[in-house]
Amino acid sequence: MADPRFFQNQGPFTLTELAQCCGAKLSDESLAAKEIHDVAPLDRATANQISFLDNRKYVKQFTETKAGACIVHPDLAEQAPAHTSCLLSPLPYKAYALVAQAFYPVLTAPSASAIHKSAIIAETATLGENCIVEAGVVIDDQARIGAGCHIKANAVIQAGVELGDGCQVGANATLSHCLLGKGVVIYPGAQIGQRGFGFAIDPAAGFFTVPQLGRVIIGDYVEVGAGCTIDRGAGPDTVIGRGTRIDNLVQIGHNVQVGEFCVLVAQCGVAGSTKLENYVMVGGQSAVAGHLTIGTGAKIAGKSGVMRDVKPGQEMMGYPAMPIKEFFRQVASLKKLSKKGKKKK
Amino acid sequence: MADPRFFQNQGPFTLTELAQCCGAKLSDESLAAKEIHDVAPLDRATANQISFLDNRKYVKQFTETKAGACIVHPDLAEQAPAHTSCLLSPLPYKAYALVAQAFYPVLTAPSASAIHKSAIIAETATLGENCIVEAGVVIDDQARIGAGCHIKANAVIQAGVELGDGCQVGANATLSHCLLGKGVVIYPGAQIGQRGFGFAIDPAAGFFTVPQLGRVIIGDYVEVGAGCTIDRGAGPDTVIGRGTRIDNLVQIGHNVQVGEFCVLVAQCGVAGSTKLENYVMVGGQSAVAGHLTIGTGAKIAGKSGVMRDVKPGQEMMGYPAMPIKEFFRQVASLKKLSKKGKKKK
Amino acid sequence: MADPRFFQNQGPFTLTELAQCCGAKLSDESLAAKEIHDVAPLDRATANQISFLDNRKYVKQFTETKAGACIVHPDLAEQAPAHTSCLLSPLPYKAYALVAQAFYPVLTAPSASAIHKSAIIAETATLGENCIVEAGVVIDDQARIGAGCHIKANAVIQAGVELGDGCQVGANATLSHCLLGKGVVIYPGAQIGQRGFGFAIDPAAGFFTVPQLGRVIIGDYVEVGAGCTIDRGAGPDTVIGRGTRIDNLVQIGHNVQVGEFCVLVAQCGVAGSTKLENYVMVGGQSAVAGHLTIGTGAKIAGKSGVMRDVKPGQEMMGYPAMPIKEFFRQVASLKKLSKKGKKKK
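The structure presented is a predicted model; accordingly, all values stated were derived computationally and were not measured.

**A short note on the pairing of strand E5 (residues 49-52) of chain C**
Residues and elements named next belong to chain C. Across two bridges, strand E4 (residues 38-39) lies against E5 in parallel orientation. Each residue of the ladder has a partner; that of Val39, found in E5, is Ile50. Where E5 and strand E6 (residues 69-72) come together, three bridges link them in parallel fashion. Bridging from a neighbouring strand, Ser51 pairs with Cys70 of E6. In this fold, E5 hands off to helix H2 (residues 59-64), which returns the chain to E6; that crossover is right-handed.

Written out as structure tokens, the structure is:
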């Protein structure tokens, strides 16, 4: 299925190998040696391909699939067609992610170093073993790159920056004043570590830049999307916690602390000095004002504007953001009011 | 008028030449040989310049213009001053676009190849005739660049990417996992083809990346603005239809299908797997949620948030988006209600 | 305090030196020779460090600080601990900015030229004295760079662009069709001067690009944030007035005129041909529609959508934007209405 110009299929794998890689159980051990050649969606998979069922909306597709194998929750396996071997998993989408990664690895450790001759690497910079540094990359003084990193074309890594092992930096990305953990993925065109938006105002004389003396600290396995901007701290650091995923064009202001395993959807913004605790989800195009605390597990719906602290687990929506039920109640009230006004005319 | 440091005037042209290039009719054939040296707005144009009248708000400026020639709708031509020759067109702004392009071409096919010596082009990459490849460009393995393309400084074209004839790629843009038609214009700093925002969540163990195995397919004559981000598909492709124009800092999620001749204004976002049919307009800073269908010719006002399918031709506004008349009715109702509350105090 | 990998402390300084650099007055002249080694926040500063008190919320921290010196308003100085020398200033945050800049300069004029050998500088381009041009930079024909400029790695400066003295251009930024004053700071990944979003529509034949024949004119000491996009004018110029500060991911359309000392917060957008007069503040994620005038000193709250002219000094919020008091009144009215509806059920 995947275009061979862009994706190299590492298969085939036996059902046993796939079950092992994703922690699933084979529904029929007699098929352990069956060979699977690719992944595909339920409605397109063929006899030597594997698919998955995660959403009950697609049960009908599942019962009619031609897939040779399918990852499925144990409760639904009995509805599989006779020709479809089942890999049973309580978390089929996660299991699919791991199976698909087996066919198409997403974070491959380079097996040897490959430094393009056009890359400009300062003498005082250090690189770990087995790094790939593509054409046009610039790595400046005292930067320290861990083992197995892949720095893509024309990326810029400024002085003193540190990357843990196994990081990927996208083309045309810029890193300055930051320290990255291991396995961090920076997408192309992201800009990290520039001076925060801090200045004093003298009404008679204009603006005076306040030096921004903090850094950006990025935890293990964080992903930062294309075109994102993350400013360094003003004194404290800007911190992105372990495992957090940030979509494209997201803005993170200075001194922001993002907890672990947060999800920030495209084009949202978090203003200076705000703290997101762990497992917070911020929807696309939402904004969180500065100096707030958003509690563990809180969810901010897309396009919301959060102006106050949010308690752990709360789901908020609207502008100013309010509990999501209240938001939809207000939407309904206003609709009703407006209808009434219309009738009166 | 235009600064010669940045723009090279290809004129002068006779009125006949200009009329031909834009399909207009001369109001007075005796002036066919009159020479025009530049374009200019109505209020600034002089005797050897050409202007246009497209909006009736500017009729007064038209009647007082010093322009030697003016493109105008036939119905308004009789109001022209005596010294102003008219080029009659039912679509004056389109005609002006073509006339201005004659003076200042926007998509010029290079007349010869010019590959800067600092560009890094993989041996297995292929370039058509008459391409310009500027300094610092990186073109990776198996990429195929059509004839007459212009790749600007420090742009990165990753492995396997294909460009049709006559494409322009802006400085510091990155292309990966994508296939472009002919005449496509990618503005500087756009990031196209990176991995979509897809991962499975295991509450006990974090996030697991789902390989994104699709591509970005961009139709003929599409324009993608500065700093835009377009993710490749998860399995299906992300598709941008022929002729569509995308402004700056727009986010397009994985699997999105944008139809032909759509207009996406700056900072809007379209979430994963949504389909925009043809001729859809999405206003600035609007968001369209995932897995929706927006019908042919629908218009989404700026700053709206679309949470449901939109029928062809509908005009929507607000958050959640509603028909535009209903939006303004609600705005009025709420204003009235709040006034009433104020009086009671 | 500041990480020496990224920041070089230029201290120590005597209290006299610090008082002079920020125009403050020493509370006790007998301590004029006391040496201060660094800046730090009130709650972390030690005996040889200087802090500041700007916000009355932190008076308690001030009374308990261990800082050897503190910048403070004369009215509050008497509450200082005995071991804390006071620098008296009517604008303590501004004074702090200047003191911190003494320790950690933000706009240092290079003391000598340093052109990296990998930079590609056209023969017809000119550079002033003492410029730093980093690796991978491309400077094209006829570009003119003032004295003391610092162009960071892989930035692209296209043909004809002019920079005044003392400008900084961030990594991976692109400048075309623009003229910059002195002391301008362009952050990494900003894209300035590309063609504006202008085209004519022929319903039967698609879109026709209107050549964009203006420039971007950027006044002295302007700062343009990471990932911003500023389109050049269509005929008139796009103008950013002296001293204005633009945060990250801001979009400025063609022909926009931004006055002096405006503040545009992250992810806001200003549509084509709109004029912001001086001292206008636009909050994060706000949008200002096209062809409007926003009066001197007006303030647009975050996430607002301005659809009409705004008078000088007005504070606006909401979508469509209204006076801020009216906005909160409407929020309260709707909340009340929705509560009432709830009770009825």
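**So, the relation of the copies chain C and chain A**
You can overlay chain C on chain A at an RMSD of 0.0 Å; the transform is a turn of 120° with a shift of 0.0 Å along its axis. Each copy turns onto its partner about a three-fold axis. The share of interface residues of chain C whose copies in chain A are also at the interface is only 15%, consistent with the copies meeting through different surfaces.

**Things to note about the interface of chain C and chain A**
Taken residue by residue, the interface counts 60 residues in chain C and 64 residues in chain A. Summing both sides of the interface, chain C and chain A together bury roughly 4,800 Å²; the carbon and sulfur share of this comes to 65%. For the chain C face of the interface with chain A, the top three residues by lost area are Phe6, Arg245 and Lys303 of chain C, together amounting to 14%. On inspection of chain C and its partner chain A, the count reaches four salt bridges. Between Glu162 of chain A and Arg5 of chain C there is a salt bridge; the shortest N-O distance is 2.6 Å. Here chain C and chain A share 22 residue pairs in polar contact (both at pLDDT 80 or more) between them. Among the elements that make up the side of chain C that touches chain A, the one with the highest residue count is helix H4 (residues 324-344) of chain C (eight residues).

**Description of empty space enclosed by the protein**
This model, assessed by the stated rule, comprises five cavities of 30 Å³ or more. Space inside the largest cavity adds up to approximately 910 Å³. Forming the boundary of the largest cavity are 36 residues, of which Gly318 and Tyr319 of chain A, Tyr319 of chain B together with Gly318 and Tyr319 of chain C lie nearest the centre. The set of elements that each furnish at least two residues to the lining of the largest cavity consists of helix H4 (324-344) of chain A, helix H4 (324-344) of chain B together with H4 of chain C.

What counts as what
Starting afresh in each chain, residues are numbered from 1 along the sequence in its written order. As they are written, the chains are lettered A onward and the ligands numbered 1 onward, keeping that order. Side-chain atom pairs in this predicted model are given and counted only at pLDDT of 80 or more, local residue features only at pLDDT of at least 70, and totals for whole chains, interfaces and linings cover all residues. Water and hydrogen atoms play no part in the side-chain values, which are based on all heavy atoms of the structure. A pair of strands is considered paired only if DSSP assigns at least 2 bridges between the two. Under the scheme used here, helices are H or I runs from DSSP no shorter than 4 residues and strands are E runs no shorter than 2 residues, and both carry numbers assigned from the N terminus. By convention, orient the strands away from the viewer: a clockwise path from the first strand over the helix to the second makes the crossover right-handed. Here the copies are matched by least squares. The fit uses the C-alpha atoms of residues with pLDDT of at least 70 in both. Contacts: residue pairs with any heavy atoms within 4.5 Å of one another. What gets called buried area is simply the loss in accessible area from a 1.4 Å probe that two parts show on being joined, summed for both. Any Lys or Arg side-chain nitrogen found within 4 Å of a carboxyl oxygen on Asp or Glu counts as a salt bridge. Pairing of N or O atoms within 3.5 Å defines a polar contact, subject to two protein rules: one partner must be a possible hydrogen donor and the other a possible acceptor, and residues neighboring in sequence count only if both atoms are side-chain atoms. Detection works on a 1 Å grid of protein atoms alone, calling trapped sets that fit a 1.4 Å probe cavities and calling open sets with protein on both sides within 12 Å along at least five of seven lines pockets, with lining residues defined by an atom within 4 Å of a point. Grid points are joined across faces, edges and corners, and a volume is the space filled by probe spheres set on the points.

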